[in-house]
Every structure is written in C-alpha cells, then in structure tokens.
Amino acid sequence: MVGLEWRKWVRGRRLWACLLILVALMIGCLEMERRQQAAATDWQVRQVDKRLAQAQRMAKSADPTARRLGKQDLANQKQIRRRIATGDAAGVLAATWRSFQGGTKGDKLPAVAPIADTMVTMLHAGEAEAMRAQLVYLRQHNVAPILPLAIPTNPDTATTNNLDAYDQQFFAHTRQYHPDAWTQVWQWASVGGLLVALAVLNLFLGDALAEERHGRVDHVRWLRLQNVSWRRLVLTKFAFHFVASLALVAAAFGLFLIYAAVRSGLGDLRYPVQTWVAGKAVTPHWAWSTARDDANFFLPLQIQIAPLARYLGRYAGLVVAVLAANSALAMLVNRFLPSRIAGLMIGVVAPLLFFVLPTSKFSPWTYLNGDWVASNYLAHVLGTSATVWPYVLGGIIAVAALALLGALVPVKGRRVA
C-alpha cells in the first residue's frame, strides 16, 4: 500500500505544479521588494540631488556665512549620496546611537537628529527604550542594520513599525524593505504567507484526495477489496498528505534560498527583531513628563529584542503544526463531505479567511498569525503575560489529532469509494 501511494504521488503532475506556484510566489515577493526598494532609493537620490544643487548655489554666494554653510551642506549631502549608493549603514548607526545615549537620570530626549525632538511626539517611551536596546544589540554583535533603520513599535499605537531613525530629515517617510532571504521569511510570517501557501497546497493535494473519495481513482476500491483496513488506509493517506505538504514547502523554500543567495544574499540570522515578554515596570531614560506611563503602556508585556534565528525557529514549529492540522482536516472533510467541489472550495477558501476576518481572541484565525505567535504579541490580545507559543502550538496539534480521529470513524451505510 505504501508503494502504491508513493507511485501515485510521484507520478502526479499536481505536485510539480504546486511546487512551481509556491516557488513563484516566494520569488515574486522578493522581486517586488527589490523593485520597491530600488524605487525608494531612486527617490532618495533625487532628494539628495536637489539638496546638492541648492548647496552648490549657496557655496557660490557672496555672503560668507551662506557660503560656509553651503560648503558644509555640500559635503554632508555627498556623504549621504555615497551611503545610499553603497548601502553603508555604519554612519547611520553611529549617528543614531549618539542621539539615543540619553542619561539614566532622564536628562535627555531621544532624537532623529542630534538637535531634534520630533520622536517624542511620535513614540511611546517604551518604543524608544526598545530602539535603544536594538542599537545596543547591533553594536555589541557587530550586525549591519537594514536600511532604513526601523524603530520597534507597539502595533496598537498610531505609529508604524517602520518609523525611521535616520539622522537626516529627508528619510522621514521611507519604509524598511526586506530584500534578503531570511528577512523575507520574517515578512511572510507578518503578512500571512503561510495561509496563502495552505490555499495553494489544498488546491492541488486536496483535489487528489477528493477524486479518490468520490470513486474516480480505482486503487482505493482495489485496496478495500484486498481487505486493507479503513484505519490503515486513512493513516497512510494522512501520512503521505502531510509528508507531501511538508516536502513541497521545504523544497520551495530551499529553491527560494538558492535563488535569493545568488540574487541578493541570505541576510544575517543574528539581526534583532521585536519580541514581547512579561516584564517589570520600566524606568525610562527619557525626560518627558509622561515617559514612565508611556514606557509601561503595554505592561506587563514589554518590547524586547531577540535574534532573527530564534524568531524563525518558533515560526518553523508553527508551520509544521499547521501543516499537520491541515492534512488531518483535509482527511476529515473528504471523509464526510459528499461534494467534491465543496470540499475543494473549503480547503482553498478557509485559509484565506485570515485576511478578511477581524482580529479577536474568539477567532481561530487570529492564532494562525505567525508573527504574533512567534513574537508573543498574541499574549496582549489574550490579556495574559504568559508565553503563548507552546499553548498555540499544542492547540493546533490537538485540532490535528481530533480531526484525524474523526476521519478514522467509519460511517455505516455509506460506500467507501
């Protein structure tokens, strides 16, 4: 029976088509990011060129003060242009670090530029604390930051997660892109890429199960005539469906990594990303009157910085659990649903509800947000300070076990194939 299933899956064209679509989606996301990044870089260059032209006119002014300021601005803008062209973040990191070295007695405000205090009006103090921790991490581990440097923020505040911390004002409205492989996976987790992959998998693998269930493939009937037990039949098909799903995702991911390594690089797994942990009240460094309340806005959860490798490791565990649950649910749906088309539509449409249903602790799709589970931000939604990743993982595995048990129950009076 195992050999028969193996030949069926290997010979089926569905697997190759599914793999091709998954790889195309991953590479398409990377290329879109690169194209948007190139457009943003071109915009930045144009802004610098405008400043260069203005500085050149000032450098030729008859006024000595204007001429001196023009020459100074000309040198600064040439340096900025070199940074953009080379992607060199060392100068940005150093300048931003200088602006975040507020004293422990709260005698300084964090600033985008050394003389600006605009960050105070845009950030909670807890976000400024997290940004300072990220700068410390980058310096200690000698990790080059992604440009533009992004400030960790609370998703429930009015700020964005990509507020820039450049020391130049014209970078104020650019966003952070993820053109490397590992940071692309981070982005897929944030935007629900796993759910899109599930819809693609169910489109191909679910159709294969539906055909067998409704009598279009003779080998199921043949196996039953050979006295193969229903339990063995279901468990074997579940195992192959799960292994095929896992193999397709892993193969697509491997091919994407090869492509990305050649195209733009893999990135640094030590790169710091935002996570949430239970913590004590924070005494912030900064000098505005509500700094303590702002720093503890999400108490007892606090923003902390963790390596990207740890984040992706948790996300990988979630991916495996979700694929197992998806295979078990596919067996359950195709076991009891009489309509082949209805079963296929459920498998394809159900994962995509993630993008239209509102966030709520009563919605099961909320628990499939890979970013929230891996970073523990889901704990805020649930109103707890516990690390929810093992509980969500265990819940998904429990759903898989229950669905598989349901598929193993024979239905009397109904033809198997």
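Note that this is a predicted model, so its numbers are computed, not measured. (Residues numbered from 1 in each chain as written. Predicted model: local features only at pLDDT ≥ 70, side-chain atom pairs only at ≥ 80, totals over all residues. Heavy atoms only, no water.)

**Student:** So what exactly am I meant to see when it comes to helix α13 (residues 340-352) here?
**Tutor:** Here α13 spans 19 Å end to end across 13 residues, near enough to the 18 Å set by a 1.5 Å rise per residue. Residues of α13 that are buried include every one of Arg340, Gly343, Leu344, Gly347, Val348 and Pro351, and no others. (Helix = DSSP H or I, 4+ residues; strand = E, 2+ residues; numbered from the N terminus. Expected span 1.5 Å × (residues − 1). Buried < 20%, exposed > 50% of the residue type's maximum accessible area, 1.4 Å probe, protein only.)

**Student:** Explanation requested: the confidence of the model for the protein chain in the structure shown.
**Tutor:** Low pLDDT means the predicted atomic positions in that stretch should not be read closely. On average, residues of the protein chain carry a pLDDT of 82, and 81% of them reach 70 or more. Within the protein chain, helix α9 (residues 218-225) has the poorest average pLDDT of any element, 50, and helix α16 (residues 389-408) the best, 94. Overall, residues 413-417 carries pLDDT values under 50, and its contacts beyond four positions in sequence, including any with other chains, amount to 13 contacts. (pLDDT = per-residue confidence, 0-100. Contact = heavy atoms within 4.5 Å.)

**Student:** Even after reading the chapter, I still don't get the packing of helix α7 (residues 181-191) against helix α10 (residues 230-263), so can you show me in this structure?
**Tutor:** The description of two helices packed together rests on the angle between their axes and the distance between the axes. α10 packs onto α7 with a crossing angle of 135° between their chain directions and a minimal axis gap of 9 Å. The angle between α7 and α10 falls in the class oblique. Facing Ala181, Trp182, Gln184, Val185 and Trp188 of α7, the residues of α10 in contact are Phe253, Phe256, Leu257 and Ala260. In the contact of α7 with α10, the residues fall into eight nonpolar, one polar and no charged. (Axes fitted to C-alpha atoms, helices over the stretch in contact; angles between N-to-C directions. Parallel < 35°, antiparallel > 145°, perpendicular 65-115°, else oblique. Nonpolar A, V, L, I, M, F, W, Y, C, P; charged D, E, K, R; others polar.)

**Student:** Just to check I follow, could you spell out the packing of aromatic side chains for this structure?
**Tutor:** Geometry of an aromatic ring pair is reported as the spacing of the ring centres plus the angle between the planes. Evaluation of the coordinates by the stated rule reveals 10 aromatic pairs. Considering the side-chain rings of tryptophan 188 and phenylalanine 256, the 4.9 Å spacing of their centres and the 55° angle between planes classify their relative orientation as tilted. Of this pair, tryptophan 188 sits in helix α7 while phenylalanine 256 sits in helix α10; the two residues are 68 residues apart in sequence, bridging distant segments of the chain. Across the pair, phenylalanine 256 and tryptophan 188 agree in class, each one buried. Between the aromatic rings of phenylalanine 298 and tyrosine 377, the centroid separation amounts to 6.4 Å while the plane-to-plane angle is 55°, which identifies the pairing as tilted. In this pair, phenylalanine 298 sits in the loop between α11 (291-295) and β2 (301-307) while tyrosine 377 sits in the loop between α14 (370-375) and α15 (378-382), placing the two residues 79 residues apart along the sequence. Through successive ring pairs, a cluster of aromatic residues spans Trp276, Phe297, Phe298, Trp372 and Tyr377. (Phe/Tyr/Trp six-rings, centres within 6.5 Å; stacked < 30°, edge-to-face > 60°.)

**Student:** How do you make sense of the nonpolar core when you look at a structure like this?
**Tutor:** Proteins that are soluble and globular tend to have nonpolar side chains buried together. Ranked by internal contacts, the top residues of the largest apolar core, which has 87 residues, are Leu22, Leu201, Leu248, Phe256, Tyr311 and Ile396. If one sorts the elements of this core by residue count, helix α12 (residues 308-336) sits on top with 13 residues. There are two domains that each give this core at least three residues, and those are domain 1 (10-86) and domain 2 (182-407). Apart from residues no more than four positions distant in its own chain, leucine 201 is found in contact with Cys18, Leu22, Gly206, Ser245, Leu248, Val249 and Leu323. (Core = buried A, V, L, I, M, F, W, Y, C linked by side-chain atoms within 4.5 Å. Domains from an automatic or database assignment.)

**Student:** Whenever I open this one, the packing of α10 against α16 confuses me. Can you help?
**Tutor:** Two numbers describe how α10 lies on α16: the axes approach to 9 Å, and their chain directions differ by 140°. In terms of orientation, α10 lies oblique with respect to α16. Here the hand of the crossing between α10 and α16 comes out right-handed. Residues Trp230, Arg231, Val234, Leu235 and Phe238 of α10 pack against Leu404, Ala407 and Leu408 of α16. In terms of residue class, the contact of α10 with α16 is built from seven nonpolar, no polar and one charged. (Left-handed = near helix turned anticlockwise from the far one by under 90°.)

**Student:** How should I be thinking about the environment of alanine 197 in this particular structure?
**Tutor:** As for its placement among the helices and strands, alanine 197 is situated in helix α8 (residues 193-213). In sequence terms alanine 197 and methionine 26 are 171 residues apart; their C-alpha atoms lie 9.7 Å from each other.

**Student:** Is there a simple way to explain the pattern of salt bridges in this structure?
**Tutor:** Where charged atoms of side chains with opposite charge meet at close range, the side chains can pair. Applying the stated criterion across every chain yields a total of four salt bridges. The partner of glutamate 31 in a salt bridge is arginine 263, with the nearest N and O atoms 2.9 Å apart. Separated by 232 residues along the polypeptide, glutamate 31 in helix α2 (residues 13-59) and arginine 263 in helix α10 bring together distant segments of the chain. Glutamate 31 gets classed as partly exposed once you look at its relative accessible area, which sits at 23%. (Salt bridge = Lys/Arg side-chain N within 4 Å of Asp/Glu carboxyl O.)

**Student:** What is the right way to look at α7 in this model?
**Tutor:** Since the α-helix advances by 3.6 residues per turn, residues separated by three or four positions end up pointing in the same direction. Most of α7 sits inside the fold, with nine of its 11 residues counted as buried. Inspection of α7 places Ala181, Trp182, Thr183, Gln184, Val185, Trp186, Gln187, Trp188 and Ala189 among the buried residues, and these make up the whole buried set. Phi for glycine 192, located one or two positions after α7, is positive at around 90°.

**Student:** Whenever I open this one, the pairing of strand β1 (residues 272-278) confuses me. Can you help?
**Tutor:** Where a strand is regular, its side chains alternate between the two sheet faces. When you tally the buried positions in β1, you get five out of seven residues, the bulk of the element. Sheet topology note: the β1/β2 ladder contains seven bridges and is antiparallel. Bridge pairing links valine 273 to alanine 306 in β2. (Pairing = 2+ DSSP bridges.)

**Student:** I would appreciate a short explanation of unusual backbone geometry in the present structure.
**Tutor:** Most peptide bonds take the trans form, and the phi angle of most residues other than glycine is negative. The peptide bond linking leucine 299 to proline 300 adopts the cis configuration, its omega dihedral lying at 10°. Note that proline 300 resides in the loop between α11 and β2. At asparagine 142, a residue that is not glycine, the phi angle is positive and equals roughly 55°. Mapped onto the elements, asparagine 142 comes out in the loop between α6 (125-141) and α7. One non-glycine residue with positive phi stands out, namely asparagine 376, at about 70°. Along the chain, asparagine 376 falls in the loop between α14 and α15. What makes asparagine 376 buried here is its relative accessible area of 2%.

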